[in-house]
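The lines below spell out each chain.
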Amino acid sequence: MRAAAPAAARATVRAAVRATLAGAVIAVAGAMALPAAGQDPPAADPSSDDPVARGAYVFAAAGCLGCHTDVKGGGTLLAGGRALETPFGTFHSPNITPHPQHGIGAWSEADFVRAFRDGRRPDGDALFPAFPYGSYTGMTERDLLDLRAYLFSLPAADTPNRPHDLDPPFGWRFLLPVWQWLYLERGPLADDPSQPPEWNRGRYLVDVLGHCGECHTPRSRLGGLDRDAHMAGNRAGPEGEAVPNISPNPERGIGAWSIGDIELFLEIGMMPDGDFAGGSMGEVITNSTSKLTAEDRRAIAVYLKSLPPQP
Amino acid sequence: MRTLTILAAAAAVCIAHAGSMAPALAADPLAQVKERETLMKKLGGGMKAVGGFVKNEGPTAADVQAAAAAITEVSTVDPRTVFPEGTAIGVGDSEAKPELWQNWTTAEGYWNDLKPAAEQLTAAAGSGDRAQVARAMQAVGKVCQTCHEDFRLKK
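Residues numbered from 1 in each chain as written. Chains lettered and ligands numbered in written order. Predicted model: local features only at pLDDT ≥ 70, side-chain atom pairs only at ≥ 80, totals over all residues. Heavy atoms only, no water.

Moving on: helix α6 (residues 104-127) of chain B. Its 24 residues give α6 of chain B an end-to-end C-alpha distance of 36 Å, which sits within 8% of 34 Å, the value for a rise of 1.5 Å per residue. One or two steps after α6 of chain B, the chain reaches Gly 128 of chain B, where phi turns positive at roughly 70 degrees. (Helix = DSSP H or I, 4+ residues; strand = E, 2+ residues; numbered from the N terminus. Expected span 1.5 Å × (residues − 1).)

Once that is clear, we can look at the pairing of strand β2 (residues 89-92) of chain A. All names here are of chain A. Pairing between strand β1 (residues 83-86) and β2: four bridges, direction antiparallel. If you follow Ala 83 over to β2, its bridge partner there is His 92. Counting the residues that bridge the hairpin from β1 to β2 gives two residues. Taken together, the two bridges between β2 and strand β3 (residues 165-166) define a ladder with antiparallel strand orientation. Within β3, the position partnered with Gly 89 by the bridge is Leu 166. (Pairing = 2+ DSSP bridges.)

Below, the discussion takes up the packing of helix α2 (residues 29-54) of chain B against helix α7 (residues 130-151) of chain B. Residue and element names in this part refer to chain B. Interhelical geometry of α2 versus α7 gives an angle of 150 degrees and a closest axis separation of 10 Å. Relative to α7, the crossing made by α2 is left-handed. Across the interface between the two elements, Met 40, Met 47, Val 50, Gly 51, Phe 53 and Val 54 from α2 touch Arg 130, Val 133, Ala 134, Met 137, Val 140, Gly 141 and His 148 from α7. Residue classes in the contact of α2 with α7 are distributed as nine nonpolar, three polar and one charged. (Axes fitted to C-alpha atoms, helices over the stretch in contact; angles between N-to-C directions. Left-handed = near helix turned anticlockwise from the far one by under 90°. Contact = heavy atoms within 4.5 Å. Nonpolar A, V, L, I, M, F, W, Y, C, P; charged D, E, K, R; others polar.)

Given below as structure tokens:
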């Protein structure tokens, strides 16, 4: 959460408000698409010829920033150190800048792909699923290599990693292969040919890059996602927050929301009743969904509306 | 005597430098949480109408003008009245995080950002132009969303 980065957060809002008031570029498609709020250089562009620009877009869609930056403590970009509280203990995210010792600067392309696809470090150790590779495993090879190109274009930080504070048996890394055997469905995720491209894109953005289910789907006692309750909500979400049902159940979920309602929510955080999302979803909107193209937000909405309603 | 005067002067300078005073303790915390929720609902109602206009779902430009007026009115309420000390999570059904008071200058700043944004919304509503209203709505929404992201925990 960005709570204690007052000056920076405030400056950003102020700048964004000024930029929008000044009337930056606007593409009003169906009177809906609003201009994206400030993007970080290099400009993220999913259709660029430059792998770094494409990777910047993957980075936004996959929401890597918040978990790997200690915004609260004024930490360096992607230098890790953010404390992530879970029912299994506290994780301290690692440095993922291209620093050769403290970051991932020495990782080859194959090493990088393996971390996401198989949840393994270059030395073969299994990674904790607090790094949501259970979702990222579905990423395409191209998106992974673009993402690596983007990360390696950023400045290296020499911040050392901090060990996690986990409760046994969850702190036992050697048990992770069992977890992986139970829960990891190795990707990449293949398109469903019976569905239109927009739906497939939506599923990829929701279930793979956006890892929405990591918060919105309840977990088993071993911390695996309960796939039968896809998007049914989770009373005990990250940092003790209640995460709502976002399946199309008209009463308990977002069945009453129109496609346009969902698009507007993902862009500016506004719900149909005029309330605004906060907490970790606010962070998802700021860092991730507000930076997507209007077509991608629509694909997410179309996919969410197609899911089976959950009680 | 002289020391006292100097101390008093120093204190006055400190207060002036802080630029803003921390909110006073709530007299009736439960009632004040309710009051805050009523104010917030008014903001929400306003934004709902604006969103309806932008999405072309019924509300008219006149509705947007009324909504902008309501938001402007709420934005002029002193933030110390909206967020008195002692009304954080734990009091009634408050969803306000304790961080709101620990970072008071930031929180107060967000609140004060509402008014200029609401004035732009009023101007846009006068034009009746959907794109202009959409832009102004986004600017107001950014203020709401940022404060909720930092200082509200949905329960």
